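# Summary of structural features
Each chain is listed here by its residues.
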Amino acid sequence: MPKYWNESIECATPYEMQALQSFRLSQTVRRVYENVPYYRKRMDENGVKPEDIKSVADLSKLPFTVKQDLRDTYPYGLFAVPMSEVVRLHASSGTTGKQIVVGYTENDIEIWKEVIARAITAAGGGKDDFIHVSYGYGLFTGGLGLHYGAEKVGATTIPVSVGNTARQITIMRDFGSTILCSTPSYALYLAETLKEMGVDKSELKLKAGIFGAEPWSEEMRAEIQEKLGIKAYDIYGLSEIMGPGVAFECEDQSGMHISEDHFIPEIIDPDTGEVLPDGVQGELVFTCITKEAFPLIRYRTRDIAVLERGQCRCGRTLVKMLKPRGRTDDMLIIKGVNVFPSQIESVLLSLGNTSPHYQLIVDRVNNNDTLEIQIEISPEMFSDTVKNLEEQENIIKAAVESTLGIAAKIRLVEPKTIARSEGKAVRVIDKRKK
Amino acid sequence: MLIKQLSVFVENRPGRLSSITKLLGENDVDIRALSIADTRDFGILRLIVNNPDKALEVLKGADYSVTLTNVIAIGIEDKPGGLAKAMEVLYQNGISVEYMYAFISKTDNTAFVILRVENSENAADVLQKNGIKLLTSEEIYKM
């Protein structure tokens, strides 16, 4: 089985990659300037002409695009081709506001398949695999994105979509699924259901999972790997840029390789917009340099990440992004302290016997922020005496406080009482918001 | 001489006790004795039933956090000072009680006390040697 899907790109020298990026960038900027009045207006306002953008080094001269721009131009205002060229539309779920719509030409779909094929190959997948796609199919990019990429590598693709977990497990066992694609929280839910149905993981042929669409911690990875007996690979993407496959993990599991021949990443200071050097944490920004229908320029993702360059142990030279530490819009400010739900998840899982099912309830009482962490009691935690349970609460409380620097109230709740979405887990209820 | 007690984690929200007892009733589990330890946010419901293994299975099946704990049950005369004798024996032998709860017999003049101590087997020995009557699980289940 090949180790890389596209070796000449995935292992290109920095010089080769920059030359390719510079060429594609200048072409794209010219195209959007000519075809999208919104971009032309913004560039004119900033005094930038397409001929000013000759190489990657000129990227920072261009203005940013933000989610609000997508809403302002809804539905088709940022499309750079006539609609007759558009073969597919997807839409974001609109969980953080009004929905947005994105489009793809036939060639865009080909690029998408290519980047997913790289991800599947990096996860050890190929034509002999049975790829079980448990992302939602439909306007959400997860299902169809992985689906087309799986077919591209020649794998036997099983379009299960979300829901009916017991049936998913039967299919997994009977059809011989080898690679699971889903959200990490759904993978854990599957693992629990497996246990309840009395199906041992050895009855399945699963060897790997490609998980994304929500942030997850290393501890959660370890738990999924252990419970399902697989290697768990992270995948990153957002509909605005392409969908899943913008970046993917290799066997080294040390960050996700960005398909930078299609999407140029930058890290910026979210407050000043200033470009930050590699290795420094900041907001991730992408510029699409091959997309035809919906090529976003310097799109601010609101994801917080770090870039790392150099050859990876897997041999790839594609720049890596270290796991998003959260989103600028997921970040909670509690008593003036920045808190990411993923930090709390790490604390809980590091204690060993706590369950990964938690919810943060943030409220304001008498002008004071309060944080309550509800945690489902796990069989390992439960004991017959109040004393023991209170001790456990105190251990969690102390661990959270020493990590976050703020006090939290710990509340143990009964198993399976925290909502398990079959898609994304609801981790935060912020009652302070109007 | 040890009795199996069920302990169930119960959140402090309306309807929890109602649904647990209803579930047990529907599955023909008869409750012999119960007690609740409560804190502000949660409680531990402790139950002595006629069929602890079945009750465990039913509750687990309904996603409750539940565990079996070994406790001892003693029978004492239902009159002033009846319990004091048993407590004195435990005290003299350095055995401390984690918790206990009592119920009375339907037939004769006996009261029963469920005791949870650190080392149940040792406590059972000591009590028997001092003439305190211990109940077997069969006696409790058939009561």
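The shown structure was predicted, so the numbers you read here are calculated from the model rather than taken from an experiment.

The biggest cluster of nonpolar side chains holds 76 residues, and the ones touching the most others in it are Y236, I241, F286, L296 and M321 of chain A. No other element matches helix α5 (residues 106-122) of chain A, which puts nine residues into this core. Counting residues in each nonpolar core, the second largest holds 29 residues, with L360, I375 and I377 of chain A together with F9 of chain B among its members.

Once the domains are mapped, chain A shows domain 1 (1-328) and domain 2 (332-430). One C-alpha centre belongs to domain 1 of chain A, the other to domain 2 of chain A, and the line joining them spans 30 Å.

For the rest of this paragraph, the subject is the interface of chain B and chain A. The partner chain A presents 20 residues to the 24 residues of chain B that form the contact. Interface of chain B and chain A: buried area, both sides summed, is about 1700 Å²; carbon and sulfur atoms make up 55% of it. The tally of links from chain B across to chain A stands at six salt bridges. D384 of chain A is the salt-bridge partner of R116 of chain B, the closest N and O atoms lying 2.9 Å from each other. Remark: the boundary between chain B and chain A carries seven residue pairs in polar contact (both at pLDDT 80 or more). Counting residues per element, the ones that place at least two in the side of chain B that touches chain A are β1 (2-11), β3 (42-49), β4 (66-77) and β5 (97-104) of chain B. At six residues, β1 of chain B tops the list of elements feeding residues into the side of chain B that touches chain A. Classifying every residue of the side of chain B that touches chain A by side-chain character gives nine nonpolar, six polar and nine charged.

Residues and elements named next belong to chain B. Here chain B is partitioned into domain 1 (2-68) and domain 2 (70-142). Domain 1 puts 15 residues into the contact, and the matching count from domain 2 is 16 residues. In this assembly, domain 1 packs against domain 2 so that about 1400 Å² is buried in total across both faces, 61% of it on carbon and sulfur atoms. It is L2, I3 and R32 in domain 1 that bury the most area against domain 2; as a group they hold 50% of the surface buried on that side. Summed over the shared surface of domain 1 and domain 2, the result is zero salt bridges. Applying the counting criterion to the domain 1 and domain 2 interface returns five residue pairs in polar contact (both at pLDDT 80 or more). Those elements that provide at least two residues to the side of domain 1 that touches domain 2 are β1, β2 (31-38) and β3.

Approximately 1100 Å³ is the volume attributed to the second largest pocket. Lining the second largest pocket are 37 residues, and of these E192, K195, K227, P379 and E380 of chain A lie nearest its centre. At the level of elements, α8 (184-196) and α9 (218-228) of chain A together with α2 (52-61) and β4 of chain B are the ones that each hand at least two residues to the lining of the second largest pocket. Here the lining of the second largest pocket takes six residues from α8 of chain A, the largest share from any one element. Counted by class, the lining of the second largest pocket contains 13 nonpolar, nine polar and 15 charged residues.

So, about the sheet that holds strand β16 (residues 358-365) of chain A. Residue and element names in this part refer to chain A. Across the sheet, which stays open at both edges, the four strands sit in the order β18-β17-β16-β19 with mixed pairing between neighbours. Because the sheet does not close on itself, it has two edges, and the strands there are β18 (409-413) and β19 (428-430). Geometrically, the sheet is characterised by an average inter-axis angle of 20 degrees between neighbouring strands, direction not taken into account. Where β16 and β19 come together, three bridges link them in parallel fashion. Bridge pairing links L360 to V428 in β19. On the sheet, helix α10 (residues 341-350) packs against β16, β17 (368-376) and β19 and is oriented at approximately 125 degrees with respect to β16.

Moving on, we come to unusual backbone geometry. Residue and element names in this part refer to chain A. Residue P75 follows Y74 across a cis peptide bond; omega there is 0 degrees. Relative to the elements of secondary structure, P75 occurs in the loop between α4 (67-72) and β1 (86-91). With phi around 65 degrees, S161 is a residue other than glycine that occupies positive phi space. Mapped onto the secondary structure, S161 falls in the loop between β4 (156-158) and α7 (165-175). Unusually for a residue other than glycine, R302 sits at a positive phi of about 70 degrees. Mapping R302 onto the fold places it in strand β12 (residues 299-308).

Another aspect to go through is the environment of I429 of chain A. Residue and element names in this part refer to chain A. Within the element layout of this structure, I429 appears in strand β19. Considering only alpha carbons, one finds I429 and W112, 317 residues apart in sequence, at a separation of 34 Å. In contact with I429, not counting residues within four places along its chain, are Q359, L360, I361 and V362.

To continue, consider the packing of aromatic side chains. According to the stated counting rule, one finds ten aromatic pairs over all chains in the structure shown. Ring geometry for F382 of chain A and F9 of chain B: centres 6.2 Å apart, planes at 85 degrees, overall edge-to-face. Here F9 of chain B lies in strand β1 and F382 of chain A lies in the loop between β17 and α11 (386-404), a pairing that spans two chains. Neither F382 of chain A nor F9 of chain B differs from the other in exposure class; each is buried. Grouping aromatic residues by their ring pairs yields a cluster made of Y76, F79 and F294 of chain A.

Rules used throughout
- Per chain, residue numbering runs from 1 following the sequence as it is written.
- To read the labels, note that chains go from A and ligands from 1, taken in the order they are written.
- Totals for whole chains, interfaces and linings use all residues, but because this is a predicted model, local features are given only for residues with pLDDT of at least 70 and pairs of side-chain atoms are given and counted only at 80 or more.
- Each side-chain value is derived from all of the structure's non-hydrogen atoms; neither hydrogens nor water enter the calculation.
- The term nonpolar core refers to a set of buried residues drawn from Ala, Val, Leu, Ile, Met, Phe, Trp, Tyr and Cys, joined through side-chain atoms within 4.5 Å.
- Think of it in three bands: residues with accessible area under 20% of the maximum for their type are buried, residues over 50% are exposed, and the middle band is partly exposed, with areas taken using a 1.4 Å probe on protein chains only.
- Helical segments are the DSSP runs of H or I of at least four residues, strand segments are the runs of E of at least two, and each set is numbered from the N terminus.
- Each domain's limits were defined by an automated method or a database of domain assignments.
- Any two residues whose heavy atoms approach within 4.5 Å are treated as being in contact.
- Here's the idea: put two parts together, see how much 1.4 Å probe accessible area each one loses, and the total over both is what we call buried area.
- One speaks of a salt bridge when a side-chain nitrogen belonging to Lys or Arg is within 4 Å of a carboxyl oxygen belonging to Asp or Glu.
- Each polar contact in these results corresponds to two N or O atoms within 3.5 Å; when the atoms are within protein, one needs to be able to donate a hydrogen and the other to accept it, and residues that are neighboring in sequence are counted only if both atoms are side-chain atoms.
- Under this grouping Gly is polar, as are all residues other than the nonpolar Ala, Val, Leu, Ile, Met, Phe, Trp, Tyr, Cys and Pro and the charged Asp, Glu, Lys and Arg.
- A cavity here means a set of 1 Å grid points, computed over protein atoms only, where a 1.4 Å probe fits but cannot escape. A pocket is an open set with protein on both sides within 12 Å along at least 5 of 7 lines, and lining residues have an atom within 4 Å of a point.
- Grid points are joined across faces, edges and corners, and a volume is the space filled by probe spheres set on the points.
- The criterion for strand pairing is that DSSP finds at least two bridges linking the strands in question.
- Only the stretch in contact is used when fitting a helix axis, every axis being a line fitted to C-alpha atoms; angles between N-to-C directions are given from 0 to 180 degrees.
- By convention, a stacked pair of Phe, Tyr or Trp rings (six-membered ring in the case of Trp) has centres within 6.5 Å and planes under 30 degrees apart, an edge-to-face pair has planes over 60 apart, and any other such pair is tilted.

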